[in-house]
Amino acid sequence: MYTCFIFVVAPSTEEESTETPAAQKREERLRKFRELHFKRNEARKLNHQEVVEEDKRLKLPSNWEAKKARLEYELMVDQKKKECAEQGEDYDRVKLLEISAEDAERWERKKKKKNPDPGFSGYAEAQLRQYQRLTKQIKPDMDNYEKQREECGEDFHPTSNSLIHGTHVPSKESIDRMVDGVEKQIEKRSKYSRRRAYNDDADIDYINERNAKFNKKAERFYGKYTAEIKQNLERGTAV
């Protein structure tokens, strides 16, 4: 009977001490490489998403953000109106209670800026401005509309063959409204300050209108002190 002995040779401590740090460094490098690889893929994915979103935004209209905000506000207003109707409250009163004094003042200033008065720049612009102001004051009368539609029949929507010129008779309310508008215009014009007429015989001692105004102010304050010097210069006897 034979007995077999197996001898296992263990590595020396010196080899173990030299190989273990190298393996640890290699493992550390591999771990960092995997992290960098994961971050690169994640960044590539996020960049692709941003490119797609930017492409969508560029294809949208220029005022899309304003339209979106307006639609969201209208939806919120509709929802608020439904809640007020269910609770039996007046939406306008509830809305006013939620508005601060600063917001109300800011909205009032914004409303005034929408239609500023640029002053007189020409008769065509003044006529257009008056037309826009008058058309905003017109309130549609649906009863009168239906009445005229029945009276005119097919000529209510005229074509090239229709002959309706001179057949329209304005109502008394329309005439009164026109008279009121003309009277208001006359009253408004009477308050305007007319520009002073230009005197052709006056001495020209200025180079432009601004200089003329300055000379008038100087004459008003210092004219009595410089009158003699001015007369001597005009006669040519100044020393």
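Model, not experiment: these values are computed from the prediction. (Residues numbered from 1 in each chain as written. Predicted model: local features only at pLDDT ≥ 70, side-chain atom pairs only at ≥ 80, totals over all residues. Heavy atoms only, no water.)

Draft legend 1. Region of interest: the pattern of salt bridges. All told, the structure shown has 5 salt bridges when counted by the stated rule. Where glutamate 27 meets arginine 34, a salt bridge forms, and the shortest distance between an N and an O atom there is 3.7 Å. For arginine 34, a relative accessible area of 46% gives the class partly exposed. Lysine 172 is the salt-bridge partner of aspartate 176, the closest N and O atoms lying 3.1 Å from each other. With a gap of 4 residues between them, aspartate 176 and lysine 172 both fall in helix H7 (residues 172-190), about one helical turn apart. (Salt bridge = Lys/Arg side-chain N within 4 Å of Asp/Glu carboxyl O. Buried < 20%, exposed > 50% of the residue type's maximum accessible area, 1.4 Å probe, protein only. Helix = DSSP H or I, 4+ residues; strand = E, 2+ residues; numbered from the N terminus.)

Draft legend 2. Layout of helix H8 (residues 209-235). For H8, with 27 residues, the first-to-last C-alpha span of 27 Å runs short of the 39 Å given by 1.5 Å per residue. Maximum bend of H8: about 90°, positioned at glycine 223. Within the sequence span of H8, burial applies to Ala212, Gly223 and Asn232. One side-chain oxygen of the residue at the start of H8 lies 3.4 Å from the amide nitrogen of arginine 210, identifying that residue as asparagine 208. (Expected span 1.5 Å × (residues − 1). Bend = angle between axes of the 7 residues up to and from the residue. Polar contact = N/O pair within 3.5 Å; in protein donor to acceptor, adjacent residues only side chain to side chain.)

Draft legend 3. Focus on a positive patch on the surface. Together, Lys213, Lys216, Lys217 and Arg220 give the surface a local cluster of positive charge. Note on arginine 220: relative accessible area 58%, which makes it exposed. (Patch = residues over 30% accessible without salt bridge, like charges linked within 9 Å, V, L, I, M, F, W, Y side chains within 5 Å. Areas by Shrake-Rupley, 256 points an atom, 1.4 Å probe, with all protein chains shown as cover. Lys, Arg positive; Asp, Glu negative; His and termini not counted. Charge placed at Lys NZ, Arg CZ, Asp CG, Glu CD.)

Draft legend 4. The packing of helix H2 (residues 64-87) against helix H3 (residues 91-98), seen in detail. Where H2 meets H3, the closest approach of the two axes is 9 Å, and the angle between their N-to-C directions is 120°. The pairing of H2 with H3 is recorded here as oblique in orientation. As H2 runs across H3, the sense of the crossing is right-handed. Mapping the contact onto sequence places Tyr73, Val77, Lys80, Lys81 and Cys84 in H2 and Tyr91, Val94, Lys95 and Glu98 in H3. Class assignment for the residues of the contact of H2 with H3 results in 5 nonpolar, no polar and 4 charged. (Axes fitted to C-alpha atoms, helices over the stretch in contact; angles between N-to-C directions. Parallel < 35°, antiparallel > 145°, perpendicular 65-115°, else oblique. Left-handed = near helix turned anticlockwise from the far one by under 90°. Contact = heavy atoms within 4.5 Å. Nonpolar A, V, L, I, M, F, W, Y, C, P; charged D, E, K, R; others polar.)

Draft legend 5. Fine view of the confidence of the model for the protein. Averaged over all residues, the pLDDT of the protein is 79; the fraction at 70 or higher stands at 84%. The element-level mean pLDDT for the protein is lowest in helix H4 (residues 101-114), coming to 76, with H8 highest at 87. Taken as a whole, residues 4-10 scores under 50 in pLDDT and shows 0 contacts with residues more than four places along the chain or in a different chain. Scored below 50 in pLDDT, residues 12-17 makes 0 contacts in the model with residues more than four places away or belonging to other chains. (pLDDT = per-residue confidence, 0-100.)

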